[in-house]
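# Descriptive analysis of the structure
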Amino acid sequence: MSSSAPPVLPVSTVHSAESQPPVVAVSAFRAFFAHINDYLRNGLSQQRPWAELADSSAFSKPESFSEATLRIRKNYSYFRVNYLFAVSLILAFSLLSHPFSLLLLLVLIFSWIFLYLFRPVDQPLVIFGRTYSDRETLGILIIFSVFVIFVTSVGSLIISAIMVGLGLVCAHGAFRVPEDLFLDEQEPAAPGFLSFLGGAASNAAAAAAAPGFATRL
């Protein structure tokens, strides 16, 4: 009598989930920076000609404060992308002229990105053999942010640059006569910076929504 062969049990290979977080983290980074790229492209598409912004024949002194306020509102509605670019250029010039402050600001930004925002929850922060919980990491980053912004020259440098930029924007908006501008009342307003950050964070969180990985966005 021949003996039958023993049944073969099906064996499935279980892939370790430990290799998933870095892949998903890269996807989250790509989603975040892709949203930044789309936002910048959309903003640049709404940029007005700089020759129109600096047309000397369109400048005149406002007759009253209310007229100056109305001009600023209309000019901001039309030149908002140019104004934002000008303020950003002033801020960038101020930071580049102070390399140490720029270095501190970059360290602060990348600390939040790599140590908290895009760090997987199941991978605790370990520095010099010590493991830090999420609450401890958040507390350290907040203290570091307060130190960089309020103790060093970074905060005063950023505020002063933004104030100079806003002053130039308000002066241009008050003296630039907006009557020759073709304002489209139906044109949707450009999303604000906070809305942009919220949308970028949501996209990054959606890209990171996978088993075994979670972000704090």
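In what follows, the accompanying structure is described.

Here is what the cut-offs are and how they apply
- Residues numbered from 1 in each chain as written.
- Predicted model: local features only at pLDDT ≥ 70, side-chain atom pairs only at ≥ 80, totals over all residues.
- Heavy atoms only, no water.
- Helix = DSSP H or I, 4+ residues; strand = E, 2+ residues; numbered from the N terminus.
- Buried < 20%, exposed > 50% of the residue type's maximum accessible area, 1.4 Å probe, protein only.
- Contact = heavy atoms within 4.5 Å.
- Areas by Shrake-Rupley, 256 points an atom, 1.4 Å probe, with all protein chains shown as cover.
- Phe/Tyr/Trp six-rings, centres within 6.5 Å; stacked < 30°, edge-to-face > 60°.
- Expected span 1.5 Å × (residues − 1).
- Axes fitted to C-alpha atoms, helices over the stretch in contact; angles between N-to-C directions.
- Parallel < 35°, antiparallel > 145°, perpendicular 65-115°, else oblique.
- Left-handed = near helix turned anticlockwise from the far one by under 90°.
- Arc of directions from axis to C-beta.
- Nonpolar A, V, L, I, M, F, W, Y, C, P; charged D, E, K, R; others polar.
- Polar contact = N/O pair within 3.5 Å; in protein donor to acceptor, adjacent residues only side chain to side chain.

### As for the overall build of the protein
- If you tally the helices and strands in the protein, you get seven helices and two strands.
- By the burial criterion, 29% of the 217 residues in the protein qualify as buried.
- Counted over contacts in the protein with a minimum sequence separation of 6, partners at least 24 positions apart contribute 81%.
- As displayed, the protein has an accessible area near 14600 Å², and 70% of this comes from carbon and sulfur atoms.

### As for the packing of aromatic side chains
- This structure, assessed with the given rule, holds five aromatic pairs.
- Here F110 and F114 contribute two aromatic rings whose centre-to-centre distance is 5.8 Å and whose plane-to-plane angle is 20 degrees, an arrangement assigned as stacked. Here F110 pairs with F114, and both are found in helix α4 (residues 99-117), just four residues apart, close to one helical turn.
- Looking at F110, the relative accessible area reads 43%, which means it is partly exposed.

### Here we look at helix α3 (residues 65-96)
- Its 32 residues give α3 an end-to-end C-alpha distance of only 36 Å, which falls more than 12% under 46 Å, the value for a rise of 1.5 Å per residue.
- Burial in α3 covers these residues: A68, R71, N75, Y78, F79, R80, V81, N82, Y83, V87, S94 and L95.

### Things to note about the packing of α4 against helix α5 (residues 134-151)
- α5 packs onto α4 with a crossing angle of 165 degrees between their chain directions and a minimal axis gap of 10 Å. In terms of orientation, α4 lies roughly antiparallel with respect to α5. In the packing of α4 onto α5, the handedness of the crossing is left-handed. Contacts between α4 and α5 pair L104, V107, L108, S111, W112, L115 and Y116 from the former with D134, T137, L138, L141, I142, F144, S145, V148 and I149 from the latter.

### What about α5?
- Between its terminal C-alpha atoms α5 stretches 25 Å, which fits the 26 Å expected from 18 residues at 1.5 Å a residue.
- Among all positions in α5, only T137, L141, S145 and V148 are buried. Here the buried residues of α5 occupy an arc of 70 degrees about the axis, which is enough to place them on one side. Pointing more than 90 degrees away from the buried face of α5 are the exposed residues R135, I143, F150 and V151.
- Of the surrounding secondary structure, the elements contacted by the buried residues of α5 are α4, β1 (125-127), β2 (130-132) and α6 (154-175).

### Here's the deal with the packing of α4 against α6
- Contact geometry for α4 and α6: axes closest at 10 Å, N-to-C directions at 100 degrees. It follows from the interaxial angle that α4 and α6 lie roughly perpendicular. Contacts between α4 and α6 involve S101, L104 and L105 on the former and, on the latter, V154, L157 and I158.
- When grouped by side-chain class, the residues that make up the contact of α4 with α6 number five nonpolar, one polar and no charged.

### Some thoughts on the environment of L53
- Counting through the fold element by element, L53 comes out in helix α2 (residues 50-53).
- For the pair formed by L53 and H172, sequence separation is 119 residues and the distance between their alpha carbons is 8.8 Å.
- Beyond its immediate chain neighbours, meaning those up to four positions away, L53 contacts F59, F79, N82, Y83, H172 and R176.

### A short note on unusual backbone geometry
- Residues other than glycine seldom take positive phi values, yet F128 does so here, at roughly 55 degrees.
- With respect to the helices and strands, F128 occurs in the loop between β1 and β2.
- F128 sits in the exposed class, given a relative accessible area of 86%.

### Thoughts on the side chain of H172
- Looking at the secondary structure, you find H172 in helix α6.
- Taking the relative accessible area as the measure of exposure, H172 reaches 15% and is therefore buried.
- At 2.7 Å, the side chain of H172 forms a polar contact with the backbone oxygen of L53.
- When near neighbours in sequence (up to four residues on either side) are disregarded, H172 contacts L53, F59, N75, F79 and Y83.

Distances and angles like these do not, on their own, reveal function.
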